[in-house]
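The chain contents come next:
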Amino acid sequence: MHAHAPLRFGWRGIQRFLDSCVPSNAPSAAATASVSAADPQSTAATETVPTAVDRVAGFTRALVEEAGLQAPSVLHGAFSIESGHDMTLSAMARVPRPTALFAANNFIAIGVQHALAELGLDVPDDVAVVGFDDLPQAMVTFPFLTVVAQPAIEMGKRAVAVLLERLANPDGPAQDVVLPTELVIRRSSGGPVAEPAS
């Protein structure tokens, strides 16, 4: 077996000589429309790692170029419930107060919902919320969370395929596999009440 068979699973744009198998981190225009439908005052809560930067860039591009709205305010923290909570308190103290929040992952989104509940604000009537990822945590919040879902199983399969190809051809060119994401509309963005996925 060759000693160097690098596979990078998850982040793009760091080292181009590594293979990668990642979701499309630029949220679709549909996701942007969901989070910004109530009002153009949108805020994105995110980390500063390349994955999160890609997600917010896609969100911003869709808001400005496709929806014709102003660029969102962006708050930076960690991919954690606590950080999502703290960023939300900061966002809701601003004037004008945002009426839509896009969280760069579901842990942030859960923190967002906890903070909004503490403030006595209703989701989605007062503030719409959209997350990125569709982990089980997304389904234990109420209202159920609208998300940009990653194809986790397919990512795993493709990552293994890329790794096997790398082992067979260690000196071949780097592969950069980008898989499409899916918008799953639930109640948190004002969509219909949906049953949790089984």
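The coordinates are above.
In this text, all values refer to a predicted model and were calculated from it rather than measured experimentally.

Structural notes on the packing of aromatic side chains
Summed over all chains, the structure comprises one aromatic pair. Here the aromatic rings of F142 and F144 are separated by 6.4 Å at their centres, their planes lie at 75°, and the arrangement is edge-to-face. We classify F142 as exposed; its relative accessible area is 74%.

Notes on helix α3 (residues 81-92)
When the terminal C-alpha atoms of α3 are compared, their 16 Å separation across 12 residues agrees well with the 16 Å that a helix rising 1.5 Å per residue should span. Taken together, the buried positions of α3 are S83, G84, H85, M87, T88, A91 and M92.

Topic: the environment of T99
Secondary-structure assignment places T99 in the loop between α3 and β5 (100-103). T99 gets classed as buried once you look at its relative accessible area, which sits at 19%. Taking the C-alpha atoms as reference, T99 lies 6.3 Å from D126; in sequence the two are 27 residues apart.

About the thresholds
- Residue numbers here run from 1 along each chain, matching the order of that chain's written sequence.
- The model is predicted, so local features are restricted to residues of pLDDT at least 70 and side-chain atom pairs to those at 80 or more, both for listing and for counting; the totals for chains, interfaces and linings are taken over all residues.
- The basis for every side-chain value is the complete set of non-hydrogen atoms in the structure, without hydrogens or water.
- Working definition: rings of Phe, Tyr and Trp (its six-membered ring) pair if their centres are within 6.5 Å, and the pair is stacked with planes under 30 degrees apart, edge-to-face with planes over 60 apart, and tilted otherwise.
- Burial here depends on accessible area, computed with a 1.4 Å probe over protein chains only, as a share of the maximum for the residue type. Under 20% is buried, over 50% is exposed, and the range in between is partly exposed.
- Secondary structure follows DSSP: runs of H or I at least 4 residues long count as helices, runs of E at least 2 residues long count as strands, and numbering of each begins at the N terminus.
- By definition here, a helix of n residues has an expected span of 1.5 Å times n minus one.

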